[in-house]
Amino acid sequence: MSRAPVSPNPDLTVGADNKQRWNQPTHRRHGFHNAHRLFRRGFMARSRHVYPLYDAPLSELRELPELEALQLHPAFSAIVCAQGNNILFEAAAPDFNVRSPHSIQSITKLHVHLIVGRLVADGKLDLRKSMGHYLPKIGPAYASATIQDVLDMNIDNAFSEDYSDPLSDCYTEEIALGWRLPADSVEEITLEKFIGTISGPVSKNTTGSADYKSANTDALTLLCASVMEHSLNIEIEKIADAVGYEDAFHISLSPDHLPAFSGGGCLSARDLARFGLLLARRGEDIYGSAFASAPFIDATLSRVAPTLAPPKHWLRYSNHSMTDGRLIGHAGYGGQFLMVDLKTGVSCAYLSVLENDAGYDDNYMAQVALALRKLCSMIANA
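Worth saying up front: this structure is predicted, and the values here are computed from it rather than measured. (Residues numbered from 1 in each chain as written. Predicted model: local features only at pLDDT ≥ 70, side-chain atom pairs only at ≥ 80, totals over all residues. Heavy atoms only, no water.)

*Asks:* Explain the sheet that holds strand 1 (residues 42-45) to me, and be specific about the residues and the numbers.
*Replies:* Read from one edge of the open sheet, four strands run 1-8-9-5, paired in antiparallel fashion. Each edge of the sheet is formed by a strand with only one pairing partner; in this case those strands are strand 1 and strand 5 (102-105). In this sheet, neighbouring strand axes are inclined to one another by 30° on average, regardless of whether the strands run parallel or antiparallel. Relative to the sheet, helix 10 (residues 232-243) contacts strand 1 and strand 8 (249-252), its axis offset from that of strand 1 by approximately 35°. (Pairing = 2+ DSSP bridges. Helix = DSSP H or I, 4+ residues; strand = E, 2+ residues; numbered from the N terminus. Axes fitted to C-alpha atoms, helices over the stretch in contact; angles between N-to-C directions. Contact = heavy atoms within 4.5 Å.)

What follows is the structure, encoded as structure tokens:
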């Protein structure tokens, strides 16, 4: 009996521009709005209890020009600003809504911030020690780097993350994140093997600002998996319970079934705001108990750390988060930003999809960050 020929998976197959279909400009908006079902493999977690959010709009926020500009931008997907149990502002594009999952990209890195803080508090990690102390086989790109420097994006190795270069290492990394498939004759590379392919030796960053490398998160994922008493997927469930998601948290998995903390998370705008509220509560879970390490979060705000490159140089990269000493959060490829004001407890989640070739624009991300900062300031003064 003859068989019909099989065809490559169209969403995960790499095209001529070295991007899989869901991340090509003409498909990216659909891809970011449906990433949770397009990845090669994934893990999903629901919360045992839901943290309630109620509509309590702050009308003057609608008059903020910077906020209006974001909503009029063609990249805009959704925004939710919450404080305590109140939604102060929310809006969504006509083709989206505040409860649909969306790729949050590198905002996912904040999971490493939470997990490392818990491991430090439990005495499982010493940030002054080298990565090689805990992972003897990690390879030359990370072996001699201190955990603290990796957390702060303060190392130099051969990994390149240039979204405008289709041959940049960050696109090869996507095979290990479960975002794309290699050529038919090539085996999918595990996260551990991918880290081992990065050439070294590692050295201290001398650029004067944070040297952003998503592979650092991958290395830290291996580190956390090696010292944690339970699996990282169980830890994700614990975080979900502490946050109180209304819907689901999705994350892509590597071929060795490790979560892609470097950028594989998907959350709705409301649930991303809920995630930020966990930080706003300084790690207190929805039941009123300590979950994440408050001293680690507080130290993250006050310690000396590398600044981001202009035009976001008013932010520092500290303990796998972005902070100015009061605000804490993270940006994400494609146009995402979570910003939390730890003084007022405001959490602002912004989702969008840039459809230029690179999928990234530093000036746009600076516009988003400054608009959210202005929003937090306006709420503080309301």
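*Asks:* A description of the environment of P101 should follow, citing residues and the corresponding values.
*Replies:* With respect to the helices, strands and loops of the structure, P101 is situated in the loop between strand 4 (86-92) and strand 5. Taking C-alpha positions, P101 is 9.5 Å from G265, a pair spaced 164 residues apart along the chain. When sequence neighbours within four positions are dropped, the list of residues in contact with P101 reads F32, H33, H36, F96, H250, L267 and S268.

*Asks:* Please provide a residue-by-residue account of unusual backbone geometry, values included.
*Replies:* For residues besides glycine, phi is generally negative; the peptide bonds are generally trans as well. Omega for the bond connecting G200 with P201 falls within 30 degrees of zero, at 5°, which places this linkage in the cis form. Residue placement: P201 occurs in the loop between helix 8 (191-197) and strand 7 (203-204). Of note in the backbone geometry, Q105 takes a positive phi value of approximately 50° without being a glycine. Tracing the chain through its elements places Q105 in strand 5. In this structure, R282 takes a positive phi of about 55° despite not being glycine.

*Asks:* Which residues make up the sheet that holds strand 13 (residues 336-341), and what are the values?
*Replies:* The mixed open sheet is built from eight strands, whose spatial order is 2-4-3-14-13-12-11-10. In this open sheet, the two edge strands, each paired with only one partner strand, are strand 2 (54-55) and strand 10 (316-317). Note: strand 13 against strand 14 (residues 346-352), five bridges, orientation antiparallel. Directly across from L338, in strand 14, lies its bridge partner A349. Across the sheet, helix 11 (residues 269-280) is in contact with strand 2, strand 3 (76-83), strand 4, strand 12 (327-332), strand 13 and strand 14; its angle to strand 14 comes to roughly 145°.

*Asks:* Could you give an account of the side chain of H113, with specific residues and numbers?
*Replies:* Along the chain, H113 falls in helix 4 (residues 110-121). Note on H113: relative accessible area 1%, which makes it buried. The residues touching H113, leaving out its near neighbours within four places in the chain, are L279, F296, I297, T300, N319, H320, S321 and I328. (Buried < 20%, exposed > 50% of the residue type's maximum accessible area, 1.4 Å probe, protein only.)

*Asks:* Just give me the short version of the pattern of salt bridges, but keep the residues and values in it.
*Replies:* For the structure on display, the rule yields 20 salt bridges. One salt bridge connects R118 with E235, and the closest N-O pair in it is separated by 2.7 Å. Of this pair, R118 sits in helix 4 while E235 sits in helix 10, and the two are 117 residues apart along the sequence. Between R274 and E246 there is a salt bridge, with its nearest N and O atoms 3.3 Å apart. Remark: E246 occurs in the loop between helix 10 and strand 8 and R274 occurs in helix 11; sequence separation between them is 28 residues. (Salt bridge = Lys/Arg side-chain N within 4 Å of Asp/Glu carboxyl O.)

*Asks:* Which residues make up the nonpolar core, and what values go with them?
*Replies:* Judged by nonpolar contacts, the single largest core of 93 residues is most densely connected at M131, Y142 and I195. Ignoring any residue separated from it by four or fewer positions in sequence, one finds M131 in contact with I138, Y142, A143, A145, I147, V150, A219, L220 and L223. Judged by nonpolar contacts, the second largest core, of 36 residues, contains C81, M153, F337 and C376. (Core = buried A, V, L, I, M, F, W, Y, C linked by side-chain atoms within 4.5 Å.)

*Asks:* Which residues make up the side chain of D11, and what values do they have?
*Replies:* Position of D11 relative to the elements: it lies in the segment before helix 1 (28-33). Under the relative-accessibility criterion, D11 is labelled buried at 17%. Within the structure, the side chain of D11 is placed 3.1 Å from the side chain of R21, a separation counted as a polar contact. Leave out the neighbours within four places in its chain, and D11 touches Q20, R21, W22 and L38. (Polar contact = N/O pair within 3.5 Å; in protein donor to acceptor, adjacent residues only side chain to side chain.)

*Asks:* Would you mind going over the environment of T206 in detail, with residue names and values included?
*Replies:* With respect to the secondary-structure elements, T206 resides in the loop between strand 7 and helix 9 (214-227). Each C-alpha atom, one on T206 and one on N154, is 8.3 Å from the other, the two residues being 52 residues apart in sequence.

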